[in-house]
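Structural overview
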Amino acid sequence: MNKQLRKAIIAGNWKMNKTPTETAALIAQLKGAVQNPGCEVVICTPFTSLPCAVEATKGSCLHVGAENVHFEASGAFTGEISAPMLTDLGVEYVIVGHSERRQYFAETDQTVNKRALAALAAGLKVIVCVGESLAQREEGVTEELVRMQVKIALQGVSAEALKNVIIAYEPIWAIGTGRTATADQAQEVCAAIRRVVGELYGQTAADGLTVQYGGSMNAGNAAELLSKPDVDGGLIGGASLKADAFAAIVEAAGK
Ligand code: PGA
């Protein structure tokens, strides 16, 4: 099965949770709970927690990511954080295009693309989030919408840079709602994402792409979602804030 060709990645998206002090405490718990994982494990924290997270995860199996990044390297962008600022800290990953950024902070497919390009140019690994709203699912346009989001996000991304791209399928109606996509729904869209990447970059690139599912993934449903051939990992919100739940998802991904 092609699944062996790619890396399974479980990433926690802490969102606007945890002070630096609380971050140190949760990482201490995570280091105890997550040992010798059979997959790559990433925690994406608020900007203010990143220095502490990089320090606290040194020598462990945990990798650190940011939750957003600006597309310019520096300049008059009050309140923003650039990709070189993140890499200078030792941050390895960044999430771009999360639906909360799109919904509350006017993120568009075009700015997601610009952020992805800037992050890749700086040497970050980029988790690009895509996904439909409930209305779009009910209108039957999920696949078209997700294909378009992927195509625009990847404009100008070279085949070489694509190796540092992960795509997370996150149906908006499943985020933070407790309503998970069924494993078959997740598989269907993750497969469509791989197909469009195959059309753009060829089959080998598509086979090597890590596609995550995100949206109310938890210790109870992770194994079934991750058993699907095109679901290579998860982007975990709520359950990533509890060491035991997150460790159980990591374990399910390592099987
Ligand atoms: P959730 O969030 O796991 O709390 O649904 C997922 C996400 O927003 O990445």
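Data block above holds the structure.
Residues numbered from 1 in each chain as written. Predicted model: local features only at pLDDT ≥ 70, side-chain atom pairs only at ≥ 80, totals over all residues. Heavy atoms only, no water.

1. Some points on the overall build of the protein
Applicable threshold: Numbering of helices and strands runs from the N terminus, with a helix taken as a DSSP run of H or I at least four residues long and a strand as a DSSP run of E at least two residues long. It is over C-alpha atoms that the radius of gyration is taken, and the globule rule equals 2.2 Å times the number of residues to the power 0.38. The cut-offs for exposure are 20% and 50% of the maximum accessible area for each residue type, with area from a 1.4 Å probe on protein chains only; residues under the lower value are buried, those over the upper are exposed, and the others partly exposed. Exposure was quantified through the Shrake-Rupley algorithm and a 1.4 Å probe, taking into account, for residues, occlusion by the shown protein chains and nothing else.
The helix and strand inventory of the protein stands at 12 helices and eight strands. Over its C-alpha trace the protein gives a radius of gyration of 17 Å, about what one expects of a compact globule, namely 18 Å for 255 residues. Evaluated residue by residue, the protein yields a buried proportion of 51% over its 255 residues. For the protein, the accessible surface area stands at approximately 11,100 Å², while carbon and sulfur atoms represent 52% of it.

2. What about the site of the ligand?
Defined as follows: Throughout, near means a residue has at least one heavy atom within 4 Å of the molecule or strand. As used in this structure description, the phrase polar contact means that two N or O atoms lie within 3.5 Å; if the pair is within protein, one of them must be able to donate a hydrogen and the other to accept it, and residues adjacent in sequence are counted only when both atoms belong to side chains. Side-chain classes follow a simple rule in which Ala, Val, Leu, Ile, Met, Phe, Trp, Tyr, Cys and Pro form the nonpolar group, Asp, Glu, Lys and Arg form the charged group, and the remainder, Gly included, forms the polar group.
Around the ligand, 13 residues are found, and the nearest of them are Lys15, His98, Glu170, Gly176 and Ser216. The separation between an oxygen atom of the ligand and a polar side-chain atom of Glu170 is 2.6 Å. In this structure, an oxygen atom belonging to the ligand sits 2.8 Å away from a main-chain N or O atom of Gly238. For the ligand, whose accessible area on its own is 280 Å², the fraction buried by protein is 95%. Across the shell around the ligand, the residue classes break down as four nonpolar, seven polar and two charged.

3. Remarks on the sheet that holds strand β1 (residues 9–13)
Rule in force here: Pairing between two strands requires that DSSP report at least two bridges joining them. Interaxial angles span 0 to 180 degrees and are taken between N-to-C directions of axes, which are lines fitted to C-alpha atoms, for helices over the stretch in contact. When checking whether two residues touch, look at their non-hydrogen atoms; a contact exists if any pair is within 4.5 Å.
Spatially, β1-β2-β3-β4-β5-β6-β7-β8 is the arrangement adopted by the eight strands of the closed barrel, whose pairing is parallel. Going from strand to strand, the sheet's axes swing by 25° on average, the running direction of each strand aside. In terms of strand pairing, strand β3 (residues 62–66) meets strand β4 (residues 93–96) through two bridges, oriented parallel. Paired with Ala66 across the bridge in β4 is Val94. Running at roughly 145° to strand β6 (residues 165–169), helix α9 (residues 183–201) makes contact with β5 (125–130), β6 and β7 (210–214) of the sheet.

4. Description of the pattern of salt bridges
For clarity, the cut-off: Salt-bridge detection follows one rule: a side-chain nitrogen of Lys or Arg within 4 Å of a carboxyl oxygen of Asp or Glu.
Counting across every chain of the model gives 16 salt bridges. Here Glu160 makes a salt bridge to Lys163, at a shortest N to O gap of 2.9 Å. Considered together, Glu160 and Lys163 belong to a single accessibility category, that of exposed residues. Between Asp184 and Lys228 there is a salt bridge, with its nearest N and O atoms 2.8 Å apart.

5. Thoughts on the side chain of Asn68
With respect to the helices and strands, Asn68 occurs in the loop between β3 and α3 (83–89). Once residues lying within four places of it in the same chain are set aside, the contact partners of Asn68 are Phe47, Leu86, Val94, Ile95, Arg101, Glu107 and Arg115.

6. Quick notes on the layout of surface pockets
What counts is decided by this rule: Lining residues are defined by having an atom within 4 Å of a point belonging to a cavity or pocket. Those points lie on a 1 Å grid over the protein atoms alone, cavities being sets where a 1.4 Å probe fits but cannot get out and pockets being open sets with protein on both sides within 12 Å along at least five of seven lines. Grid points are joined across faces, edges and corners, and a volume is the space filled by probe spheres set on the points.
Estimates place the volume of the largest pocket at around 400 Å³. Lining the largest pocket are 15 residues, and of these Lys15, Met16, Glu67, Arg101 and Phe105 lie nearest its centre. By residue number, the principal contributor to the lining of the largest pocket is helix α4 (residues 99–104), which donates three residues. A volume near 280 Å³ is recorded for the second largest pocket. Lining the second largest pocket are 17 residues, and of these Leu162, Lys163, Asn164, Val165 and Gly208 sit closest to its centre. Looking at the lining of the second largest pocket, the elements with two or more residues in it are α8 (159–162), β6 and α10 (203–208). Of the residues forming the lining of the second largest pocket, the biggest block, three residues, is contributed by α10. Counted by class, the lining of the second largest pocket contains nine nonpolar, four polar and four charged residues.

7. Some remarks on α9
Stated precisely, the cut-off is as follows: Helix span is expected to be 1.5 Å times the residue number reduced by one.
Taking 1.5 Å of rise per residue, the 19 residues of α9 would be expected to cover 27 Å, and the 26 Å separating its terminal C-alpha atoms lies within 8% of that figure. Along α9, the positions that sit buried rather than exposed are Ala183, Ala186, Gln187, Val189, Cys190, Ala191, Ala192, Ile193, Arg194, Val196, Val197 and Gly198. Backbone geometry just downstream of α9 places Gly202 in the positive-phi region, at approximately 95°.

8. Overview of the packing of helix α7 (residues 142–153) against α9
The description of two helices packed together rests on the angle between their axes and the distance between the axes. Going by this rule: Each angle is binned into one of four classes, with values under 35 degrees roughly parallel, values over 145 roughly antiparallel, values of 65 to 115 roughly perpendicular, and all other values oblique. By definition, turning the near helix anticlockwise from the far helix through less than a right angle yields a left-handed crossing, and turning it clockwise yields a right-handed one.
Interhelical geometry of α7 versus α9 gives an angle of 45° and a closest axis separation of 10 Å. Comparing their axes, α9 and α7 come out oblique. The way α7 lies across α9 gives a crossing that is right-handed. Residues Thr142, Glu143, Val146, Arg147, Val150 and Lys151 of α7 lie in contact with α9, whose contacting residues are Val189, Ala192, Ile193, Arg195, Val196, Val197, Glu199 and Leu200. Residue composition of the contact of α7 with α9, by class: eight nonpolar, one polar and five charged.

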